[in-house]
Amino acid sequence: GGGGGGGGGGEGDGTTELKRASTGIIRIAGSRALLLRTLMFGLLWALCMTGSDYANWITEVGEKHGFARHDVEVFMIVCKVVGVTAFLTAAWASRGGRGHVILRGALAACAAAAALAACVLAGLGPKMALPASVLLVYFPYDMVWSLLYATTAKAFDPLCRASALSTSSCF
């Protein structure tokens, strides 16, 4: 008999099945559900990347709306402090496995704030509503970024986690 010492990769301990299981991108491509989940997370990543471009144009947008360039630059420093605060808040709020719930809430808040910012940029509000709308976008947006990595990774099993995160974030 081949008595049962620890973990030689033999039958019955699960390692044989694990070795045979598809991994990485092959596992994702072989499962409609995993492929769809990867595509949806990829869309989320793409939208977040598009949103990050907004910050690059704030100086020009501010000048176009009558704000002095230096004032906008100082305001952007304030936005960076808000961003750091949002990262820390997201980490604190997502304790106990609540990251996916906090991510959904931050996404909803970000979408509402972005809609408000779009209205202000279109001239549907007073000039001073622009900085307020930008700050309202920054906080939930930076919460989304801080949670997106962990939530994407957690949404996939270990056999395809790295590939799913890599694929999703490359959109």
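Everything below is about the structure shown above.
So, here is what we can say about the structure in this document. Model, not experiment: these values are computed from the prediction.

Brief notes about the overall build of the protein chain
- From N to C terminus, the protein chain includes eight helices and zero strands.
- Taken from the N to the C terminus, the helices and strands of the protein chain come in the order α-α-α-α-α-α-α-α.
- Classification of the 171 residues of the protein chain by burial places 31% in the buried group.
- Long-range contacts, defined as pairs at least 24 residues apart, comprise 75% of the intrachain contacts of the protein chain with a sequence gap of at least 6.
- About 10200 Å² of surface is accessible on the protein chain, with carbon and sulfur atoms providing 68% of the total.

As for the pattern of salt bridges
- Scanning the model with the defined rule gives three salt bridges in all.
- In this structure, the salt-bridge partner of Glu63 is Arg69, at a minimum N-O distance of 2.4 Å.
- Given the relative accessible area of 37%, Glu63 is considered partly exposed.

Rules of the game
Residues numbered from 1 in each chain as written. Predicted model: local features only at pLDDT ≥ 70, side-chain atom pairs only at ≥ 80, totals over all residues. Heavy atoms only, no water. Helix = DSSP H or I, 4+ residues; strand = E, 2+ residues; numbered from the N terminus. Buried < 20%, exposed > 50% of the residue type's maximum accessible area, 1.4 Å probe, protein only. Contact = heavy atoms within 4.5 Å. Areas by Shrake-Rupley, 256 points an atom, 1.4 Å probe, with all protein chains shown as cover. Salt bridge = Lys/Arg side-chain N within 4 Å of Asp/Glu carboxyl O.

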